[in-house]
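Geometric and topological summary
Residue strings, one per chain:
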Amino acid sequence: MTPLSRLRPYLARHAAVCTFSAAGLLVAALCGVLIPWLTRDAIDGLSMPDGEARLVRAVASILLLATIHGVLRWLSRRGLLVAARRVEQSIRRDVFTHVVRLPLAFFARIPTGDVMSRMTNDLGAIWLFLGPGVLMLMGTVVSWFLAVGFMFRISVTLTLAALAAAPLVVLASREYGRRFHIQHRNSQQSLSAMNAALHEDISGIRLVKAYGLEAEMESRFAVSARDYYSRSVALSRTSATFHALIGLISGLAVAIVLLLAGRQVIRGELTPGGFVAFNAYLAMLSFPTMALGWVINLFQRGAAALGRIGEFMDQAREGTEAIPAALAPGRADAPMIEVRNLSFSFGDGERGEVLRDVSFSIRAGEVVGLVGKTGSGKSALLSLLLRLQPVPAGAVRFRGRDINEVPLPELRRSVSFVGQDPFLFSDSILENVCYGMAGVDREAAQDAIARARLAEEVAGMQGGIDTVIGERGISLSGGQKQRVTIARALCTGAELLLLDDALSAVDAETEQAIFHELMDVRGGRTILFSTHRMASLSRCDRILVLDAGRIVEEGSHDALLAMDGVYRTLHSRQSLATEIEAAT
Amino acid sequence: MSHGRDGYFLDDRPDDRKPDLSLLRRLAPFITPHGGLIALAILALALGTACQLAGPWLIKLLVDRNLMPRTASGAWPLIGLYLGSLVAANLFTCLQMLAVSVVGQRVILEIRRRLVARIQTLPVRFFDHTPTGRLMTRVTSDVEALQELISSGLVSTIGDAAMLVGTATMLFWLDMRLALVTFAMLPLLFLFVSLLKKSIRDANREVRRRLAGLNAFLQEHISGIAVVKAFGAEGKADRAFGVRNDEYTAETVRLTRYYSVYFPGVELIASITVALLLWRGGVRMLSGAVTLGTLVAFLEYARRFFDPLKDMSDKYNILQTALAGCERIFGVLDAEPSPEYGESAGRGAAISPPPEGRAPAVEFRDVWFSYGGEPVLRGVSFVIGEGETGAVVGATGAGKTTILALLIRLYEIDRGSILVNGRDIREIPRTELRRTFALVQQDPFLFAGTVIGNIRAGGEAVENALAATGVADFAAGWPQRLETLVGERGGSLSVGQRQLVAFARALARDPRVLLLDEATSSVDPVTEQALQNALERLRSGRTALVVAHRLATVLTADRIIVIHKGKVRETGTHAELLAAGGIYARLHALQFGDP
């Protein structure tokens, strides 16, 4: 799909407005071009006996034409520019709708800044191209041809002389267009690099200070800022020489035409009025020539932007796989989760195979713990159960169905996930807790907050449950954030709860209290959670032990302890102290 | 990340106040070093304007001396001069544009560097309250707006004014009566412009405000995309985004409508003026009061007279945006640096007596501290001897993390004193103080780069650090090994892996005092054990202060400091504290007690 063809469906919706606007611009340009013609009549008429009457008639016609010109330009500008805004609006909406449905792997690959940049700067470039760009193109092209037409009527030789410079201008514009393109790209790249250096400096400021890296960060920034400076100056230089060149070419052309026209007037081949009108048309030509570079620039930027947005639009959304209609919905008696010979590696190829030949199953209502060393694949495994990463066919069954055949909305309604990094929206605590629900339910939220052992702290805040958090509100501690995410997960009607080391920033006392509460009031929910705190695992029905991507042990706490394997090692390290204590 | 002028972090505060022109005076020191270029630009501007004004005058002479009498004598020099004026005007204009643009770029380069230098010296408190995005705006879009002002605003406004005065002079000089006709139209133009000016300004402000909201929403939902997906909230996000998108578009459409009428309106007034001039000029020509040449030149001057007036409203907008940006930029440049960056920091060494004998490595003496509200620390005192390991334990929010931050002077204490090797930290030069320590944060920040690059940021002792932390072991499984990219903030690694890398970075620094902030909370017991062993080795001759919930970390500590509600409630060794049966004993039973 070429970049421009993406616009067709959007433009089709505004076809009528665009047609009317184009027609309006055409008539307006015609009026504009007729004005010098009437000026010529007026001036030449002055030497006639009824000079003054002719003058008044010409001036009246000019006033009329100027008014029509103004009104038409107003209406068609408005039509065209507003249509371009509407197209921008639709594209922005469609891009957002598409992007939020792209798989998580996409976001791991593309930095936030890049996604933002395409959805803001590139969309802006598309508007500039569709609105002012097209408007200017239509206006200048039409005026140019009409002006040339009238010039031919005044004098063929003069017109040919005036146009002699046009190929030179086109050549120069093409050459410089290419240079502009390259230099714009370079300067955009170095701007990005500068911003990245800055972003890192600010977001890591505590570390920068603690490690005394100020000078290093400063010089890193200075290098990129100087690079951006020199690229910007290079761009200014190119732009200045381009304008000087075009000015020189058109200046020469005007002087030559003036020379020829003067001779024609002296010889009586051209009237003084014709001379004046021709001069006016020449001025009309020079503006489109100047604007050409600008329009070329806008079009190139717009096309590049469309291409960049197109790259996103071409990415396949997740959950669009065809789901066999014949398949019955999940069976109630089937295991909640059944994993068979699951092997997995992240798409980026950076980290090799994360899970190897993993098999286990979890019955509805079970509480299962997941332990293992850092990097043993716990987070990867949990994210697969939610299909946040692509799941190999047949490897994971959810209620008896291949997880890939469960429609995504249904799957994610049934499973509630709490990750390691608590992410909250800058909104009230209430809105955050109710994020997974259709609407806001104050009572349910209060209940969930209480179960997450957060009620007391929330009550102590100025706005209570309506306190706004995040960028525009207060910031919560790591432990508080984690507990809000727990409350958020509890508020959904999900039957399976996945907790990925979700309480690491909460102290041991609170973590245990929350886990016990969860187990007591879970109301038939199935829970799979990972943690590093062995004490929290004692009440699990079963524990899975992951090591280097494999499940190496499985069983109850007591059974695993008796096995003398990885679990026992993990556990004994933490209770080492108790043993030392007992011995002494 | 690209923030253009239409970047997404414009300040929420609308710029609706009258621009404070005195801010321009503050820009002077940045501009004066480029006096030569500025002088060149102004000279080029003056010459360019003169050349442009000469054009129609030469045409008038040509019409009156050659065309109307139909004689070629003396035409050549006129045409030569005309060509010369065209080419020269163009060259001068380009020269002026280039000079001004270079000045603008140099000024903002300097401002950017000073901003970043200043930002780094600001107290951490400042960063606690200022979102990264907003601070970035200072260095990106605010500076960009300033450049726009210098490059295209300031000099071109002078140019416009010069052109306006020059054209008006020519008009009056050519023919007083016709000039009055032109000026008679000015009130109509000003009325039209002022009718629209306020609406355009309001709409502009609304557009910026809505755009900021739209982009904030966008950024939040991209950063939190995993949550959106996990809760199947894509539809919810669509609807919320749709509302913001529609609101934003409604404002841009309003602005577009105003601009659609603005330019054709100004053009219409200009056309009416030229038509009236043609009429009055024609009549005066018939009576012999003016020549055709004068009329032609007059029409040309009148047309040019309106050009600078056309974008008056835009110029005002640029000025307003730039001055608002300027105010915010100077706000940052004027912000008081944190005391440890001050001129006199660490110069008072003479005040504190030289430590007698072996002073404790770290000592807190009745330290009080608050983040602005309730005190977080209330009279905390403790001592960690040289070579000892101190462990701080306590419930969440007890102020444990704060102790580490205060020790490296990330915040200033309210009362009491902190001593390192017997010297008050306020009297130790910043670089020396911070070289003494290596901090491992709770949520470790990694720079986007390679694993090894992050470790090298800590210091020279890379080999030691790799061997001790086992980073090399887990990296061995990756195709790129230590050259593996860690992504934005280290996001490609698991939290535990990030902690290990941060740990290695701290060890690479080979610090006298190691500061660990719950750095092991996401590391499994086996890895933690490995770290403990490494620590054991590395601790010889080194002091350590550790914030941890885990027994393995505190077990070997020489001194455990139990913090509860901002106060030190217990201190002692593990055995002593267990025996005492206080808070520590209770915590211990909960976390480590045999089930």
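Residues numbered from 1 in each chain as written. Chains lettered and ligands numbered in written order. Predicted model: local features only at pLDDT ≥ 70, side-chain atom pairs only at ≥ 80, totals over all residues. Heavy atoms only, no water.

For chain A, the helix and strand inventory stands at 19 helices and ten strands. The buried share among the 584 residues of chain A stands at 55%. Long-range contacts, defined as pairs at least 24 residues apart, comprise 73% of the intrachain contacts of chain A with a sequence gap of at least 6. When the accessible surface of chain A is totalled, it reaches about 23,700 Å², and 58% of it is carbon and sulfur. (Helix = DSSP H or I, 4+ residues; strand = E, 2+ residues; numbered from the N terminus. Buried < 20%, exposed > 50% of the residue type's maximum accessible area, 1.4 Å probe, protein only. Contact = heavy atoms within 4.5 Å. Areas by Shrake-Rupley, 256 points an atom, 1.4 Å probe, with all protein chains shown as cover.)

Another aspect to go through is the overall build of chain B. On a plain count of helices and strands, chain B comes out with 21 helices and ten strands. Counting over 595 residues, chain B shows a buried share of 57%. Look at the contacts in chain B between residues 6 or more apart in sequence, and 76% of them connect residues 24 or more apart.

The terminal C-alpha atoms of helix α5 (residues 112-154) of chain A, which comprises 43 residues, lie 60 Å apart, in line with the 63 Å expected from a rise of 1.5 Å per residue. In the structure, α5(A) departs most strongly from a straight axis at A:Gly133, where the bend amounts to approximately 35°. (Expected span 1.5 Å × (residues − 1). Bend = angle between axes of the 7 residues up to and from the residue.)

Residue and element names in this part refer to chain B. For the structure on display, the rule yields 45 salt bridges over all chains. The residue arginine 284 makes a salt bridge to aspartate 175 at a minimum N-O spacing of 3.0 Å. With a gap of 109 residues between them, arginine 284 in helix α9 (residues 234-286) and aspartate 175 in the loop between α5 (132-174) and α6 (176-184) connect regions that are remote in the sequence. Arginine 284 sits in the buried class, given a relative accessible area of 15%. (Salt bridge = Lys/Arg side-chain N within 4 Å of Asp/Glu carboxyl O.)

The subject of this paragraph is the pairing of strand β9 (residues 542-547) of chain A. Residue and element names in this part refer to chain A. Counting buried positions over the six residues of β9 gives five, a clear majority of the element. Examined bridge by bridge, strand β3 (residues 367-372) and β9 share five bridges and lie parallel to one another. Looking across to β9, one finds that leucine 370 is bridged to leucine 544. Relative to strand β10 (residues 550-555), β9 runs antiparallel, the two being bridged by five bridges. From the neighbouring strand, leucine 544 faces β10, where its bridge partner is glutamate 554. (Pairing = 2+ DSSP bridges.)

Further remarks concern the interface of chain A and chain B. Taken together, the contact between chain A and chain B spans 152 residues of the former and 161 residues of the latter. Both sides of the chain A and chain B interface together cover about 14,100 Å² of buried area, and 66% of this is carbon and sulfur. At the boundary of chain A with chain B, the tally comes to four salt bridges. Of the charged contacts in the structure, one is a salt bridge between A:Arg412 and B:Glu234, with a shortest N-O distance of 3.9 Å. Our enumeration of links across chain A and chain B arrives at eleven residue pairs in polar contact (both at pLDDT 80 or more). When residues in the side of chain A that touches chain B are grouped by element, the largest group, 28 residues, is from helix α9 (residues 214-267) of chain A. Of the residues assigned to the side of chain A that touches chain B, the class counts are 72 nonpolar, 47 polar and 33 charged. (Buried area = accessible area lost by both parts, 1.4 Å probe. Polar contact = N/O pair within 3.5 Å; in protein donor to acceptor, adjacent residues only side chain to side chain. Nonpolar A, V, L, I, M, F, W, Y, C, P; charged D, E, K, R; others polar.)

Looking now at the nonpolar core. Note on soluble globular proteins: their nonpolar side chains tend to be buried together. The biggest cluster of nonpolar side chains holds 167 residues, and the ones touching the most others in it are A:Phe275, A:Tyr281, A:Ile337, A:Leu342, A:Phe398 and B:Leu278. Per-element tally for this core: the top contributor is α5(A), with 15 residues. In contact with A:Phe275, other than residues within four places in its own chain, are A:Leu258, A:Ala261, A:Gly262, A:Val265, A:Leu270, B:Ile59, B:Val63 and B:Leu67. Listed in part, the 71 residues of the second largest apolar core include B:Leu377, B:Val462, B:Val513 and B:Leu515. (Core = buried A, V, L, I, M, F, W, Y, C linked by side-chain atoms within 4.5 Å.)

Before going further, it helps to spend a moment on the sheet that holds strand β1 (residues 337-345) of chain A. Residue and element names in this part refer to chain A. What the four strands build is an open sheet, ordered β2-β1-β4-β5; its pairing is antiparallel. The outermost strands of the open sheet, each flanked by one partner alone, are β2 (353-362) and β5 (401-402). Sheet topology note: the β1/strand β4 (residues 396-398) ladder contains three bridges and is antiparallel. Bridging from a neighbouring strand, valine 339 pairs with valine 396 of β4. Against the sheet, helix α11 (residues 378-385) touches β1, β2 and β4, its axis set at about 120° to β1. (Axes fitted to C-alpha atoms, helices over the stretch in contact; angles between N-to-C directions.)

This part covers α9(B). Compared with the 78 Å implied by 1.5 Å per residue over 53 residues, the 76 Å span of α9(B) between its first and last C-alpha is a close match. B:Gly288 lies just past α9(B) and shows a positive phi near 80°.

Attention now moves to the side chain of B:Glu234. Position of B:Glu234 among the secondary structure elements: in helix α9. Once you skip the residues sitting within four places of it in the chain, B:Glu234 turns out to touch A:Val100, A:Arg101, A:Glu318, A:Arg412, B:Val228 and B:Lys229.

Residue and element names in this part refer to chain A. Overall, mixed pairing links the six strands, which are arranged β6-β7-β8-β3-β9-β10 in an open sheet. With partners counted over all chains shown, the strands left at the sheet margins are β6 (415-418) and β10, one partner each. When the angles between neighbouring strand axes are averaged without regard to direction, this sheet yields 15°. Of the pairings in the sheet, the one linking strand β7 (residues 496-500) to strand β8 (residues 526-530) comprises five bridges and is parallel in character.

Turning our eyes to something else, we now look at the packing of aromatic side chains. Residues and elements named next belong to chain A. A full pass over the atoms with the stated rule returns 24 aromatic pairs over all chains. Relative to phenylalanine 529, the ring of phenylalanine 515 lies with its centre 4.3 Å away and its plane at 35°, an arrangement referred to as tilted. Here the residue phenylalanine 515 occupies a position in helix α17 (residues 508-520), and phenylalanine 529 occupies one in strand β8, the gap between them amounting to 14 residues. Overall, the relative accessible area of 4% leaves phenylalanine 515 in the buried class. (Phe/Tyr/Trp six-rings, centres within 6.5 Å; stacked < 30°, edge-to-face > 60°.)

Taken residue by residue, a regular strand's side chains alternate between the two faces of the sheet. Residue and element names in this part refer to chain B. By the bridge criterion, four bridges tie strand β3 (residues 389-393) to strand β9 (residues 559-564) in an arrangement that is parallel. Within β9, the position partnered with valine 393 by the bridge is valine 562. The hairpin formed by β9 and strand β10 (residues 567-572) contains two residues between the paired strands, and lysine 565 there has a positive phi angle of roughly 50°.

Residues and elements named next belong to chain A. A contiguous nonpolar surface patch, about 340 Å² in accessible area, is contributed by Leu26, Val27, Leu64 and Ile68. Here isoleucine 68 shows up in helix α3 (residues 51-99). With relative accessibility at 34%, the residue isoleucine 68 sits in the partly exposed group. (Patch = residues over 30% accessible without salt bridge, like charges linked within 9 Å, V, L, I, M, F, W, Y side chains within 5 Å.)

Right, let's talk about the side chain of B:Thr249 for a bit. Looking at where B:Thr249 falls in the secondary structure, it is placed in helix α9. In contact with B:Thr249, other than residues within four places in its own chain, are A:Arg85, A:Arg86 and A:Gln89.

All names here are of chain A. Per-residue confidence for chain A averages 82 on the pLDDT scale, and 92% of its residues sit at or above 70. When mean pLDDT is taken per element in chain A, α3 scores highest with 91 and helix α19 (residues 566-583) scores lowest with 56. Counted against residues more than four places away or in other chains, residues 576-584, with its pLDDT under 50, gives ten contacts. (pLDDT = per-residue confidence, 0-100.)

Residues and elements named next belong to chain B. Viewed as axis vectors pointing N to C, α9 and helix α10 (residues 292-310) meet at an angle of 160°, and their least axial separation amounts to 10 Å. Comparing their axes, α10 and α9 come out roughly antiparallel. As for the relative orientation of α9 and α10, their crossing is right-handed in sense. Class assignment for the residues of the contact of α9 with α10 results in 16 nonpolar, three polar and three charged. (Parallel < 35°, antiparallel > 145°, perpendicular 65-115°, else oblique. Left-handed = near helix turned anticlockwise from the far one by under 90°.)

Quick look at unusual backbone geometry now. Located in the positive-phi region is A:Asp357, a residue other than glycine, with phi close to 55°. Mapped onto the elements, A:Asp357 comes out in strand β2. Judged by its relative accessible area of 46%, A:Asp357 is partly exposed. Look at B:Asn421: it is not a glycine, yet its phi comes out positive at around 50°. Structurally, B:Asn421 can be placed in the loop between β4 (415-420) and β5 (423-424).

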